[in-house]
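Listed below are the residues making up each chain.
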Amino acid sequence: MSKTWYPVIDYEKCIVCKACYNKCNNGVYKLDKEGRPIVENPNGCVHGCHGCGNLCPVGAILYVGDIQGKNSTNCGCSCDC
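How each quantity is defined
- Residues numbered from 1 in each chain as written.
- Predicted model: local features only at pLDDT ≥ 70, side-chain atom pairs only at ≥ 80, totals over all residues.
- Heavy atoms only, no water.
- Buried < 20%, exposed > 50% of the residue type's maximum accessible area, 1.4 Å probe, protein only.
- Helix = DSSP H or I, 4+ residues; strand = E, 2+ residues; numbered from the N terminus.
- Polar contact = N/O pair within 3.5 Å; in protein donor to acceptor, adjacent residues only side chain to side chain.
- Pairing = 2+ DSSP bridges.
- Phe/Tyr/Trp six-rings, centres within 6.5 Å; stacked < 30°, edge-to-face > 60°.
- Lys NZ or Arg CZ within 6 Å of the ring centre and 35° of its normal.
- Salt bridge = Lys/Arg side-chain N within 4 Å of Asp/Glu carboxyl O.

Undergrad: Can you explain unusual backbone geometry? Please cite residues and give values.
TA: Of note in the backbone geometry, V16 takes a positive phi value of approximately 55° without being a glycine. Using a relative accessible area of 31% as the deciding quantity, one classes V16 as partly exposed. Non-glycine residue K18 carries a positive phi angle of around 70°. The residue K18 is located in the loop between β1 (6-9) and α1 (19-23) in this model.

Structure representation (structure tokens):
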């Protein structure tokens, strides 16, 4: 797990499809009272994983620490990104 890599949601773009919440098996996200995904456990994110960001239909997820971009692969995690 990583302290230098984690997702950030752009709520101006987010359409609350919950694809990120449904995808992540590491407990990074939770839903707020309105049902919007929020990053609750950024340290749970696997360094280099773009799994949730690649699923976001509107590109609302960026990553702190990302230098390669959204469509990077081979992060080494089990999410099949």
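Undergrad: Can you break down the side chain of H50 residue by residue, with the values?
TA: Summarising the element assignment, H50 is placed in the loop between β3 (37-39) and α2 (51-55). Looking at H50, the relative accessible area reads 1%, which means it is buried. A distance of 3.1 Å separates a polar atom in the side chain of H50 from the backbone oxygen of G48.

Undergrad: Explain the pairing of β1 to me, and be specific about the residues and the numbers.
TA: Residue alternation in β1 divides its side chains into a buried set, P7 and I9, and an unburied set, Y6 and V8. Here β1 runs beside strand β4 (residues 61-64); their pairing, made up of 4 bridges, is antiparallel. Along β4, the bridge assignment pairs P7 with Y63.

Undergrad: I'd love a proper account of the packing of aromatic side chains, names of residues and values included.
TA: Evaluated as defined, the whole model comprises 1 aromatic pair. Above the ring of Y11, the side-chain terminus of R36 is found at 4.7 Å from the ring centroid.

Undergrad: An account of the pattern of salt bridges is requested, with residue identities and associated values reported.
TA: Working definition: two side chains of opposite charge can pair if their charged atoms are close together. Inspection of the entire model under this criterion finds 2 salt bridges. In this structure, E40 and K30 form a salt bridge, with 3.4 Å as the shortest nitrogen-oxygen distance. Residue E40 is located in the loop between β3 and α2, and its partner K30 is located in strand β2 (residues 29-31); the two are separated by 10 residues in the primary sequence. Two residues, R36 and D32, come together in a salt bridge whose shortest N-O distance is 3.1 Å. Accessibility expressed as a relative area gives 32% for R36, which makes it partly exposed. Residue classification places D32 among the buried positions, given a relative accessible area of 18%.

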